[in-house]
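Here's the letter readout for the chains.
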Amino acid sequence: MRAHEAGALHGNDAAPTWLPYPTDVNTLIPGLWSSTCGRDADGALEVGGVSVTTLAEEVGTPAFVLDEDDFRDRARAFRDAFTSAFAPHAGADVYYAGKAFLCGAVARWVDEDGLGLDVCTGGELAVALRAGFPTERMALHGNNKSDREIARALEAGVGRIVIDSLAEVRQAARVASELGVSAHVMLRVTTGVEAHTHEFIATAHEDQKFGLSITSGDAMTAVREVLASPELDLVGLHSHIGSQIFDVGGFEVAARRVLDLVAQVREELGHTIEHLDLGGGFGVMYNTQHTPSTPEDLASGIAGIIEKECHELELEVPHVAFEPGRAIAGPSTQTLYTVGTVKDVRLGGPHHRVYVSVDGGMSDNVRTALYDADYSCLLAGRVSDAQPEVVRVVGKHCESGDIVVKDEYLPADVQRGDLVSVPVTGAYCYSLASNYNHVPRPPVVAVKDGRWRTLVRRESEEDLLALDVG
C-alpha cells in the first residue's frame, strides 16, 4: 500500500495517487466552483448570494443550482475572445451547444448575449423556438434526422443544417424541394483525428457514427452532390473532434485536413468554401487533475493554427465558428444533495472504504457510470474541524455502479442530514437525466443577486404516473 502524504493514520487505501490531501477540507478549490461561490457567516456554502441551506429548505434536494452570472460571463468570454482573435480576418461566430444543457431561460440568455445556438434534435429545436431564439442564428445537427425535423427547421428558417451522411444530402434536397425552399447546409466531415479523451466522446476518428470521411472520399463526394443540387446551398464545412479536450494539437491536425479539402474543392470544382466550423469540446476542471485553458488562450492558439495552415495552402482565412457547451454550462452549476446512509465498509485487514449515500445518483448524473468521469464534492451546509477522510459518494439507485464521486475527502464526521454539493454538473447531467427506478428528475434553480428562481421545475410522482396510460 502506498504511503499517504500526511501519514498512514490520515488515509486509507481508497485514496488515488492524484488526489491531494487537503490542508483544510472546508476550502473551496479554486477553479472548481462558480464565480460567486463562497462560505457565508455560518459556514454554509453560498452561491449567487443564496445559502445552500436556504435552497435545501425552500427547494429541496437534490437540485441543480445554476449560477446565472457565471454562466453568462463564460458565454460572453468565449464570444469576445473568438471575435477578437479572428477580427483581422473574416470574423468568427460562437454557437452555444445546447445539448450540454438547454431550457427556455438559457436560450434567452444566449440570445441576449449575442451567441448562436446549436440544437441536435426536434425537441431541442422546440425549446429554442418556444423561447423565441432567432432562427437565423441556429444550427441543426444530428446523424439521423427525420424528415419532420428537417422540414421543421426549414419552415422555421434555421440558419444552417449540418449534414452528416451522403444519404442525408439527398434527404435534405428532397425535403427542401417538397417545401419549395433552399436549404443552407454545412457538411460534417471526419478528419481521422484521435482526440485525447474518452472513446465515447471522441468523434472524429474513422470508426464511429458521425460525419463524412475525408480519407474515404465521401466528404468530397458530398460536396459534389450538394453543389449539384439546386435545393441546397453549401454554407461550409464542419468538423468536431470530441469533448473534454485540453490540447489544441488535435485542432491543428483537424484544421489542416479540413483546409486541405477546402483547397481541393477550389482546385477541382472552382468553388470557394467561405465558412469553417471547428466545433467545440473545450475541457473543464472537474477535479485537481484538470487544467483547462482560458477562452483567450484557446482563441489565440486556434487562430494562429488556422492562419498558418491557410498561408501554406494559399487560402484566405475563412469565417470560422466554434461551439462551446460544456465550457460554458459545466462550471456554472453544482448539484446539492442531502446525505442519508453513511457506511464504513471493511475491506480486510486495515483497509476500508467510507460510502456516503445521497438522495440522488445516476438518475441526475450518469457520467461517472457512463464515462468513468471523476468529480469532486464538498460538505456544503457547515464547516467541520474533523480530520479529512476519503469517501465515495453514491446514489440511491439499485445499481452498484451508481457512483457520483468516486474519491474525495470529506470531514470524517459527515453524517445523515448533511448537505453535500458536487461542482461542475451543468453540462450533460440534467441533459442525460433519467427516471431510473422511477425517481423524479431534480429541478434546475438559477441564483443571482441573493435571489433564486426555478428554471426547470422538479418532476413529481404525478408526472411519472401521468405517462403510464396502461
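Preceding block: the structure.
**Considerations on the overall build of the protein**
So, step 1. If you tally the helices and strands in the protein, you get 12 helices and 21 strands.
So, step 2. Whereas a compact globule of 470 residues would reach a radius of gyration of roughly 23 Å, the protein reaches 24 Å, a difference of no more than 12%.
So, step 3. Taken along its principal axes, the extent of the C-alpha atoms in the protein is 70 × 55 × 40 Å.
So, step 4. Taking all 470 residues of the protein together, 56% fall into the buried category.
So, step 5. Nonlocal contacts in the protein, meaning residues at least 24 apart in sequence, comprise 71% of its contacts between residues at least 6 apart.

**What to know about helix α8 (residues 249-269)**
So, step 1. Its 21 residues give α8 an end-to-end C-alpha distance of 30 Å, which sits within 8% of 30 Å, the value for a rise of 1.5 Å per residue.
So, step 2. Turning to α8, its buried residues are Gly250, Phe251, Ala254, Ala255, Val258, Leu259, Leu261, Val262, Ala263 and Val265.
So, step 3. Contacts from the buried residues of α8 go to β9 (183-190), α7 (218-227), β11 (232-238), β12 (275-277) and α9 (295-313).
So, step 4. Just beyond α8, the residue with positive phi is Gly270, at close to 70°.

**Quick word on unusual backbone geometry**
So, step 1. Pro62 follows Thr61 through a cis peptide bond whose omega is -5°.
So, step 2. Notably, Tyr428 is not glycine yet its phi reads approximately 70°, a positive angle.
So, step 3. Assignment of secondary structure puts Tyr428 in the loop between β19 (419-423) and β20 (444-448).
So, step 4. Unlike most non-glycine residues, Asp449 shows phi in positive territory, near 55°.
So, step 5. One can find Asp449 in the loop between β20 and β21 (451-456).

**Notes on the packing of α7 against α8**
So, step 1. Look at α7 against α8: their axes get within 11 Å of each other, and the N-to-C directions meet at 50°. The orientation of α7 relative to α8 falls into the category oblique. Of the two elements, α7 crosses α8, and the hand of that crossing is right-handed. Of the residues in α8, those in contact with Ala219, Met220, Val223, Arg224 and Leu227 of α7 are Leu261, Gln264, Val265, Glu268 and Leu269.

**Digging into the sheet that holds strand β1 (residues 38-39)**
So, step 1. The three strands are arranged β1-β2-β3 in an open sheet whose pairing can be described as antiparallel. Of all the strands in the sheet, the pair left with one neighbour each is β1 and β3 (50-51).
So, step 2. As defined by bridge partners, β1 adjoins strand β2 (residues 45-47) across two bridges and the pair is classed as antiparallel. Following the sheet pairing, Gly38 is matched in β2 by Glu46.

**As for the packing of helix α2 (residues 68-85) against helix α3 (residues 104-112)**
So, step 1. It is the contact of α2 with α3, at a shortest axis distance of 10 Å, that shows an interaxial angle of 40°. When the axis of α2 is compared with that of α3, the two are oblique. Judged by the sense of rotation from one axis to the other, the crossing of α2 with α3 is right-handed. On the side of α2, the interface is formed by Glu68, Phe71 and Arg72, while α3 contributes Val106, Trp109, Val110 and Glu112.

**Section: the side chain of Asn365**
So, step 1. Here Asn365 is to be found in the loop between β15 (351-358) and α11 (367-371).
So, step 2. Residue class for Asn365 comes out buried when judged on its relative accessible area of 1%.
So, step 3. Polar contacts involving the side chain of Asn365 include one to the main-chain amide nitrogen of Arg367, which spans 3.1 Å.
So, step 4. What Asn365 contacts, discounting residues up to four positions off in sequence, is Tyr337, Tyr375, Thr425 and Cys429.

Basis of the calculations
Residues numbered from 1 in each chain as written. Predicted model: local features only at pLDDT ≥ 70, side-chain atom pairs only at ≥ 80, totals over all residues. Heavy atoms only, no water. Helix = DSSP H or I, 4+ residues; strand = E, 2+ residues; numbered from the N terminus. Rg over C-alpha atoms; globule rule 2.2 N^0.38 Å. Buried < 20%, exposed > 50% of the residue type's maximum accessible area, 1.4 Å probe, protein only. Contact = heavy atoms within 4.5 Å. Expected span 1.5 Å × (residues − 1). Axes fitted to C-alpha atoms, helices over the stretch in contact; angles between N-to-C directions. Parallel < 35°, antiparallel > 145°, perpendicular 65-115°, else oblique. Left-handed = near helix turned anticlockwise from the far one by under 90°. Pairing = 2+ DSSP bridges. Polar contact = N/O pair within 3.5 Å; in protein donor to acceptor, adjacent residues only side chain to side chain.

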